[in-house]
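# Fold and contact review
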Amino acid sequence: GNRSEVERVCGDHVTYKDRDNELTMASLATEFRVAKVANLSEKDIIEMIFFPVVNEACRVLAEGIAVKASDLDIAGVMGMGFPPYRGGVLFWADLLGSKYIYSKLEEWSNQYGGFFKPCAYMSEMAAKGAPLSSGPMGQTKSRL
């Protein structure tokens with residue numbers, strides 16, 4: 001038929017409904033302008049899934065919700081099934097480097113929108129070339 005590339009790739013297999021809205025994978029992909037899903041490499045897909053998770057972990061550290069990156073690494077492994085052999089979300093991110101992750105998030109933010117926008121902490125660590133796991137200075141207690 002006359003289906004778009006997004007509809008062929010995503011279809012309507014996953015649907016979220018509430019009283020006012022019905023969202024499908026195809027409509028979400030269209031909204032986020034991810035029209036060339038099929039052309040992404042495996043590496044791109046992994047990074048597009050996990051770099052926003054890394055970005056959120058950075059926000060959690062910066063806001064003092066967690067004090068140590070290792071706490072977030074353990075939470076990622078035990079709570080969301082992040083592969084233990086990767087050492088945790090921030091441990092893995094430090095292997096890739098804050099500058100690289102920041103540059104990819106910035107690129108995707110310009111290309112696809114604010115969902116990928118790097119947080120201030122990520123920007124600061126990338127500018128210094130510092131590991132994301134180093135945490136904000138002077139923070140010793142969780143805000144929780």
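Check the entry above for the structure.
Our subject in this report is the structure included herewith. (Residues numbered from 1 in each chain as written. Predicted model: local features only at pLDDT ≥ 70, side-chain atom pairs only at ≥ 80, totals over all residues. Heavy atoms only, no water.)

## Examining the pattern of salt bridges
For the record, the criterion: By salt bridge we mean one thing: a side-chain nitrogen of Lys or Arg within 4 Å of a carboxyl oxygen of Asp or Glu. A run of H or I in DSSP counts as a helix once it spans at least four residues, and a run of E counts as a strand once it spans at least two, with each numbered from the N terminus.
Under the definition given, this model contains 5 salt bridges. Measuring nitrogen to oxygen at the nearest pair gives 3.5 Å for the salt bridge that ties Lys43 to Glu47. With a gap of 4 residues between them, Lys43 and Glu47 both fall in helix α3 (residues 42-62), about one helical turn apart.

## Describing the layout of surface pockets
Gaps between atoms show up when a probe of the same size as a water molecule is rolled over them. Worth spelling out the cut-off: With a 1 Å grid spanning the protein atoms alone, the term cavity applies to any set of points in which a 1.4 Å probe fits but cannot get out, the term pocket to an open set with protein on both sides within 12 Å along at least five of seven lines, and the term lining residue to any residue with an atom within 4 Å of a point. Grid points are joined across faces, edges and corners, and a volume is the space filled by probe spheres set on the points. For this scheme, ten residues count as nonpolar: Ala, Val, Leu, Ile, Met, Phe, Trp, Tyr, Cys and Pro. Four count as charged, namely Asp, Glu, Lys and Arg, and the remainder, Gly too, count as polar.
Roughly 200 Å³ of volume is contained in the second largest pocket. As for the second largest pocket, its lining consists of Lys43, Ile46, Glu47, Phe50, Phe82, Pro83, Tyr85, Arg86, Trp92, Leu96 and Tyr100. Secondary-structure elements contributing two or more residues to the lining of the second largest pocket are α3 and α5 (89-96). Looking at the lining of the second largest pocket, the element that brings in the most residues is α3, giving 4 residues. Grouping the amino acids of the lining of the second largest pocket by side-chain chemistry returns 8 nonpolar, no polar and 3 charged.

## With respect to the environment of Ala62
Quick reminder of the rule: Exposure is judged per residue with a 1.4 Å probe applied to protein chains only, and the accessible area is read against the type maximum: over 50% gives exposed, under 20% gives buried, and values in between give partly exposed.
With respect to the secondary-structure elements, Ala62 resides in helix α3. A residue is classified by how much of its surface remains accessible, and Ala62, at 39% relative accessible area, is partly exposed. For the pair formed by Ala62 and Cys119, sequence separation is 57 residues and the distance between their alpha carbons is 9.3 Å.

Geometric values such as these leave the question of function open.
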